[in-house]
Amino acid sequence: MTAPGKLPIRDSIGAALRFARGNWRFVLGVAALGAGLHTLALAGLGSSLLWFPALIAISGAVHAVLTRAALSGAPGATSTLAGDTGRTIAAGAIVGFFAAMIVLVLLYVSMGVLIAPYVDEAKALLEDQAGLRALMERAVREQPAILSWTIGIGTLIMLALTSRFYYAAPASIERGRVLVFESWRSTKGAMWRVIAARVVLLGPALILVGALQLLAGMVIGVNGADPAAMAARAEANPLAFVAFYGVAQFLQIAIYTSLEAGLSASLYRAFQQQAPRPA
């Protein structure tokens, strides 16, 4: 048994890889269905406010069923899909609330630092929204390091925050109720090992997914590396963009999401083995 707080990084990564490899038919089936639902939601609701809730519901269901499969096996993983999805979305919403607060604080601080050298000009433009926008664009253009530092610090904070809450989904699914703050307590002393496991496994997976998505975009005729060009392509040829979106979602779920679900479940299992048994 590993000492408390000393999560077995290599064993957990291996368990996540074995889950994805050993259940590849199930994973590909979930990826195909999830990508299909995402594509239908984009095609049918992309121009309405209902698209974002549909996106959350589909993503929550995909993550929930893969996490359930990693915890208790693929057979029967869909039998509790509704409850698992609701608990996964609820846990994600709580974590997302804290993440949003951090983002707002970082944006407020970075905007204050950016505009500080131009405070007199900003005061003169208080009634001119277009002028203020142009001044902010100039501040970003002339001080790119501040924006880069803000993004870097924000990324590190988000990685630490989500690592402290990394057991929230598997714990909530297995125990049948939303357990977010229990995850915060459970990862005390283990955050750096959770971060290390995520970086080692999910970092290369994210790079691989991005490369495959770019390759798929080249085949379909959509430049996934250029958001402006992709938006223009979506207007000129919506069918090609929808096809690219579906392929991109399939790759994301089949590779990244399956490994993330497997890793969170394996780290949670390792923590359970370390936890003291009740008398």
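Up top is the structure.
Our subject in this report is the structure included herewith.

## Observations regarding the packing of aromatic side chains
As enumerated under the stated definition, the model contains seven aromatic pairs in all. Relative to Phe181, the ring of Phe98 has its centre 6.1 Å away and its plane inclined at 85°; by these criteria the two rings are edge-to-face. Within this pair, whereas Phe98 is found in helix H4 (residues 81–115), its partner Phe181 is found in helix H9 (residues 181–186), the two being separated by 83 residues in sequence. By relative accessible area, which is 31% here, Phe98 ends up partly exposed.

## Concerning the pattern of salt bridges
Throughout the structure, instances matching the rule amount to five salt bridges. One salt bridge in this structure joins Arg68 and Asp84, with 2.9 Å as the shortest N-O distance. Separated by 16 residues along the polypeptide, Arg68 in helix H3 (residues 51–72) and Asp84 in helix H4 bring together distant segments of the chain. Exposure class is identical for Arg68 and Asp84. Each is buried. Ionic pairing is found between Arg269 and Glu174, a salt bridge with its closest N-O pair at 2.4 Å. Residue Arg269 is located in helix H12 (residues 238–274), and its partner Glu174 is located in helix H8 (residues 168–175); the two are separated by 95 residues in the primary sequence.

## Considering helix H1 (residues 9–22)
Each α-helix winds once per 3.6 residues, and so residues spaced three or four apart point in a common direction. With 14 residues, H1 extends 20 Å from end C-alpha to end C-alpha; this agrees with the ideal 20 Å at 1.5 Å per step. Within the span of H1, buried status applies to Ile9, Ser12, Ile13, Gly14, Ala16, Phe19 and Ala20. Here the buried face of H1 lies against helix H2 (24–45), H3, helix H10 (191–220) and H12.

## Considering the environment of Arg198
Tracing the sequence through the fold places Arg198 in helix H10. For Arg198, a relative accessible area of 11% translates into the label buried. Through-space distance from the C-alpha of Arg198 to that of Ser264 is 9.0 Å; in sequence the pair is 66 residues apart. If we skip the residues at most four places from it in the chain, Arg198 touches Leu159, Thr162, Ser163, Tyr166, Gly203, Glu260 and Leu263.

Rules and cut-offs
- Residues numbered from 1 in each chain as written.
- Predicted model: local features only at pLDDT ≥ 70, side-chain atom pairs only at ≥ 80, totals over all residues.
- Heavy atoms only, no water.
- Phe/Tyr/Trp six-rings, centres within 6.5 Å; stacked < 30°, edge-to-face > 60°.
- Helix = DSSP H or I, 4+ residues; strand = E, 2+ residues; numbered from the N terminus.
- Buried < 20%, exposed > 50% of the residue type's maximum accessible area, 1.4 Å probe, protein only.
- Salt bridge = Lys/Arg side-chain N within 4 Å of Asp/Glu carboxyl O.
- Expected span 1.5 Å × (residues − 1).
- Contact = heavy atoms within 4.5 Å.

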